[in-house]
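Observations on the three-dimensional arrangement
For reference, the chains in residue letters:
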Amino acid sequence: MEFEVRGGPWEIIHALVFYAAVTFAVLATAGVARLFSGICAVVLLFYSILAIFSSPTYVVILPEEKALIWEDYRFFVPLRRRFARENLEMLEVLESGRLPSEEGISGSGRDLSYSVHVYLKPVRGRKRKLFRSGMTGHPLENRAKAYLVVESLAHSLNLPVFYAHKHGPRKDVGGQSG
């Protein structure tokens, strides 16, 4: 089983570089240091697209070995870390205080007040973001995707799941995801 992890500091930095490229392009068309701004726009644009495209992060679940592999690619160069089950403490699901409406898929897809994040917490070290809801997906679809990520990891690695609402108390659901 394998899935891609979206976001993180790498993508945020290069998204900002992309926006800087757009700013330079606007300045070049407005006539502000036209040659310098144009060159900067082209260079930064191609750099940011290459950096984001060539740098995905994957999590590979190895249920038979009770482990997972965290693969970070930086400009097509893989950086792999292996996490055995004994080095993992729990999964943490952080959901917004307001749950998505039960209108179904045909309901409003513009509800940006709902978000869900799934973190993997090792015994030592910083927790790692496995999933975050996207702004383009329907809230119920994002919730279902988070559920699938949590369910597959909790079941394959026998990890406990801690469920929390933003600005609310944590509760242990004892290895059950929900």
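Everything discussed here concerns the structure shown above.
Bear in mind that the values here come from a model prediction, so they are computed numbers and not experimental data. (Residues numbered from 1 in each chain as written. Predicted model: local features only at pLDDT ≥ 70, side-chain atom pairs only at ≥ 80, totals over all residues. Heavy atoms only, no water.)

Another point: the packing of helix H1 (residues 9–30) against helix H2 (residues 34–53). One way to put it is that H1 packs onto H2 with a least axis distance of 7 Å and a crossing angle of 155 degrees. By the angle between their directions, the pair H1 and H2 is classed as roughly antiparallel. The two elements H1 and H2 meet at a crossing, and its hand is left-handed. Considered class by class, the residues forming the contact of H1 with H2 number 18 nonpolar, five polar and two charged. (Axes fitted to C-alpha atoms, helices over the stretch in contact; angles between N-to-C directions. Helix = DSSP H or I, 4+ residues; strand = E, 2+ residues; numbered from the N terminus. Parallel < 35°, antiparallel > 145°, perpendicular 65-115°, else oblique. Left-handed = near helix turned anticlockwise from the far one by under 90°. Nonpolar A, V, L, I, M, F, W, Y, C, P; charged D, E, K, R; others polar.)

Attention now goes to the nonpolar core. With 25 residues, the main nonpolar core has Phe 3, Val 59, Leu 68, Leu 91, Leu 130 and Leu 153 as its most contacted residues. Residue assignment for this core shows that the elements contributing at least two residues are strand S1 (2–5), strand S2 (57–62), strand S3 (67–74), strand S5 (88–95), strand S6 (116–122), strand S7 (128–132), helix H3 (139–157) and strand S8 (161–165). Considering each element in turn, this core owes the most residues, six residues, to H3. Sequence-distant contacts of Val 59, that is, excluding residues within four places in its chain, are made with Met 1, Glu 2, Phe 3, Val 5, Leu 68, Ile 69, Trp 70 and Leu 130. (Core = buried A, V, L, I, M, F, W, Y, C linked by side-chain atoms within 4.5 Å. Buried < 20%, exposed > 50% of the residue type's maximum accessible area, 1.4 Å probe, protein only. Contact = heavy atoms within 4.5 Å.)

All right, on to the pattern of salt bridges then. For the structure shown, the criterion picks out six salt bridges. Among the salt bridges present, the one from Glu 89 reaches Lys 121, with a minimum N-O distance of 3.6 Å. Here Glu 89, found in strand S5, pairs with Lys 121, found in strand S6; they are 32 residues apart in sequence, far enough to count as distant. Looking at Glu 89, the relative accessible area reads 36%, which means it is partly exposed. When its relative accessible area of 25% is taken as the criterion, Lys 121 is described as partly exposed. (Salt bridge = Lys/Arg side-chain N within 4 Å of Asp/Glu carboxyl O.)

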